[in-house]
Amino acid sequence: MIIRNFLNFVKNNRLLFVLLAITQVIAVVIILFSFGIYRNNRYKLAEGESEETSIGIFAKENADIELSRIKDKIIKVSEKYSNLISGMEIFTKVELTEYSSEDLGDTTIVYPDSNVTRVWSDFRLEDGRYTFGEVYTNHLLIELDKESRGFTEKELTNGARVCLAPYQANKMQQNRWELNNISYDVIGRESKPEGLYSQSWDYFVIPFPSLPDDAELDWFALDLNRPLLRTEYEAIKAEFFPLALSEEEAEISGFYSIEIDEKATMKTMMAAAVFMSLISAFSVCLIYMYMLTIRVKTTAIYRICGCTRLKSSLIYIGEMLLVLAGSCAAGSLLFELLIEPRLEKSYTWFAVIYKNGSSYLLVLLYFVIVSGIASVMIAANNRGTPKELLNGKMK
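Fair warning: this is a prediction, and the values are worked out from it, not measured in the lab.

Time to look at the overall build of the protein chain. Secondary structure assignment for the protein chain yields 13 helices and 10 strands. For the protein chain, the residues scored as buried account for 50% of the 395 residues in total. Once local pairs closer than 6 in sequence are excluded, the contacts in the protein chain between residues at least 24 apart make up 80%.

Any region with low pLDDT has predicted coordinates that should not be read closely. Model confidence for the protein chain is summarised by a mean pLDDT of 79, while 77% of its residues fall at 70 or above. Of all the helices and strands in the protein chain, helix H13 (residues 386-390) carries the lowest mean pLDDT, 56, while strand E5 (residues 162-165) carries the highest, 94.

A cluster of nonpolar side chains, namely Val18, Ile22, Ile26 and Ile30, defines an oily patch on the protein surface of about 320 Å² accessible area. By relative accessible area, Ile26 is classed as partly exposed at 45%.

Turning our attention to the pattern of salt bridges. Overall, the coordinates contain 12 salt bridges when judged by the stated rule. Between Glu239 and Lys80 there is a salt bridge, with its nearest N and O atoms 2.7 Å apart. Taken together, the residues span a long stretch of sequence, with Glu239 in helix H7 (residues 230-240) and Lys80 in helix H3 (residues 67-80) at a distance of 159 residues. Its relative accessible area of 48% is what places Lys80 among the partly exposed residues. A salt bridge links Glu155 to Arg149; its shortest N-O distance comes to 2.9 Å. A relative accessible area of 12% places Glu155 in the buried class. Connected via shared salt-bridge partners are Arg124, Glu126, Arg129 and Glu153.

As a further point, take the side chain of Ser371. Residue position: Ser371 is located in helix H12 (residues 360-380). The class of Ser371 is buried, set by a relative accessible area of 9%. A polar contact is formed between the side chain of Ser371 and the backbone oxygen of Phe367, at a distance of 2.6 Å. Those residues in contact with Ser371 that lie beyond four places of it in its chain are Met320, Leu321 and Leu324.

Before going further, it helps to examine H7. Buried residues of H7: Glu232, Tyr233, Ile236, Glu239 and Phe240, and no others. Viewed end-on, H7 has its buried residues packed into an arc of 120°, placing them on one side of the element. On its buried face, H7 sits against strand E1 (54-59), H3, strand E9 (216-224), strand E10 (250-252) and helix H11 (350-353).

So, on to the side chain of Ser327. Locating Ser327 in the fold gives a position in helix H10 (residues 309-343). By relative accessible area, which is 3% here, Ser327 ends up buried. Leave out the neighbours within four places in its chain, and Ser327 touches Ala21, Gln24 and Val25.

Our next topic: the packing of aromatic side chains. For any pair of aromatic rings, geometry is given as the distance between the ring centres together with the angle between the planes. Counted by the stated rule, this structure contains 12 aromatic pairs. Arranged with centres 5.4 Å apart and planes meeting at 35°, the rings of Tyr99 and Trp177 form a pair that is tilted. Taken together, the residues Tyr99 in the loop between strand E2 (85-95) and helix H4 (101-104) and Trp177 in strand E6 (residues 176-179) connect sequence positions 78 residues apart. Considered together, Tyr99 and Trp177 belong to a single accessibility category, that of buried residues. Considering the side-chain rings of Trp201 and Tyr203, the 5.8 Å spacing of their centres and the 5° angle between planes classify their relative orientation as stacked. Of the two residues, Trp201 and Tyr203, both sit in the buried class. Through a chain of ring-to-ring contacts, the aromatic side chains of Phe58, Phe91, Trp120, Trp201, Tyr203 and Trp219 assemble into a single cluster. Here Lys71 stacks its cationic end above the ring of Phe208, 5.5 Å away from the centre of that ring. Positioned above the aromatic ring of Phe91 is the side chain of Arg118, whose terminal nitrogen or guanidinium carbon lies 4.1 Å from the ring centre.

Okay, unusual backbone geometry next. With an omega of 0°, the peptide bond between Phe241 and Pro242 qualifies as cis. Structurally, Pro242 is set in the loop between H7 and E10. In this structure, Asp113 takes a positive phi of about 55° despite not being glycine. You can see Asp113 is positioned in the loop between H4 and strand E3 (116-126). On the basis of relative accessible area, Asp113 is assigned to the exposed category, the value being 78%. Phi at Asn180 takes a positive value of approximately 50°, unusual for a residue other than glycine. Along the chain, Asn180 turns up in the loop between E6 and strand E7 (182-189).

In this section: H12. Three or four residues apart is the spacing at which side chains of an α-helix point the same way, because the helix has 3.6 residues per turn. Over its 21 residues, H12 extends 30 Å from the first C-alpha to the last, a length consistent with the 30 Å expected when each residue adds 1.5 Å. Listed as buried for H12 are Leu362, Val363, Leu365, Tyr366, Ile369, Val370, Ser371, Ala374, Ser375, Met377 and Ile378.

Cut-offs applied
- Sequence order sets the numbering: in each chain, residues are counted from 1 along the sequence as written.
- Two thresholds apply to this predicted model, a pLDDT of at least 70 for residue-level local features and 80 or more for giving and counting side-chain atom pairs, whereas whole-chain, interface and lining totals are computed over all residues.
- Values reported for side chains reflect all heavy atoms of the structure, with hydrogen atoms and water molecules removed beforehand.
- Working definition: helices are DSSP H or I runs of at least four residues, strands are E runs of at least two. Numbering for both runs from the N terminus.
- For every residue, the accessible area obtained with a 1.4 Å probe (protein chains only) is divided by the maximum for its type, and the residue is called buried under 20%, exposed over 50%, and partly exposed between those limits.
- In this description, contact between two residues means that some pair of their heavy atoms is separated by no more than 4.5 Å.
- On a range of 0 to 100, pLDDT expresses the predictor's confidence in each residue.
- Each patch groups residues whose relative accessible area exceeds 30% and which form no salt bridge, using 9 Å between like charges and 5 Å between nonpolar side chains of Val, Leu, Ile, Met, Phe, Trp and Tyr.
- To be clear on the numbers: accessible area is Shrake-Rupley with a 1.4 Å probe, and residue cover counts the displayed protein chains and nothing else.
- Basic side-chain nitrogens of Lys or Arg form a salt bridge, by our definition, when they fall within 4 Å of a carboxyl oxygen of Asp or Glu.
- Nitrogen and oxygen atoms within 3.5 Å of one another constitute a polar contact, given that in protein one can donate a hydrogen and the other can accept it, and given that sequence-neighbouring residues count only through two side-chain atoms.
- By definition, the arc is the one covered by directions from the helix axis to the C-beta atoms.
- Aromatic contacts are taken between Phe, Tyr and Trp rings whose centres are within 6.5 Å, Trp giving its six-membered ring; a plane angle under 30 degrees counts as stacked, one over 60 as edge-to-face, and the others as tilted.
- Lysine NZ or arginine CZ positioned within 6 Å of the ring centre and within 35 degrees of the ring normal marks a charge as sitting over the ring.
- Here the expected length of a helix is defined as 1.5 Å per residue gap, with one fewer gap than residues.

Below, the structure is given as structure tokens:
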């Protein structure tokens, strides 16, 4: 009976049905958007207290950690947390195979009394493919001399044996360096720095996939798009400790994570949702009262045919619940699939805010409030006798 009545209503009052549905969809979208804006602003205020923009993992003294042990893990974490990580910086130690410590003299590109130098790599992953990190793009490239070039995307991806060399290395070799017994062609060189050599690079630059597997890890850092929540920080830490590294051989930098009072936030937003629901319920009820008014004779016929006040009220309440449930579902899907992904570009924290689904508790609260008010209104206006209803009167 409820379904049939609902279908007849849609068939005979299409414009009114569309108006009612759109009103409720807009109300749901506004509630979800307001929830996101409020929490985003709370996170932004907390974010201002933190200056942390990276997580660093450092090899301890005398630790011997070959890159091969964690190379796949670094790639996995970069892909898994690509929405948080803007780039990866990695420093490893390698030997300049063709030179001894005596050959290298007092140059600062090697550790004292050794032929060991450092190699730096910077990258990020987008949709499973390697691309250049911000530090490489915005800082390192502008320090190359005019005859040099940076890596191509193909070289970055396919493990090409190419490198960028520090200025100090130019007086020793020009076109090729052998690192851990692997030859790398020099395609770019640091331009002559102002002042002393100590102000120039003290490392070579190699694409991450091209690093020797037996290179020794020095440290690496995850550059972040924003400060992390405590749960995010702990999740990233757990990817490396103790699965790939032990705390005896490496340590992770301390980190200030964003914290907000979730209970207080939900209480505030629930109060706001109640207020917005009451306003929306008022407009919905006005529309529904008009719907009952134009269908008063249909109600009278129901009553004459033996339908009690309670049953006829339940028919209209069921009809109203169908419209409201469909509108709430449509509004939620519209926001989740179309609106929220686009807003993530402007509101940094939206991806976190809507992740656990707590915002949809406010939609449920809206549904309950509007249903309750509309049900009371329907029952109150369905008290007339069949004769009064046939005369177009509702109480």
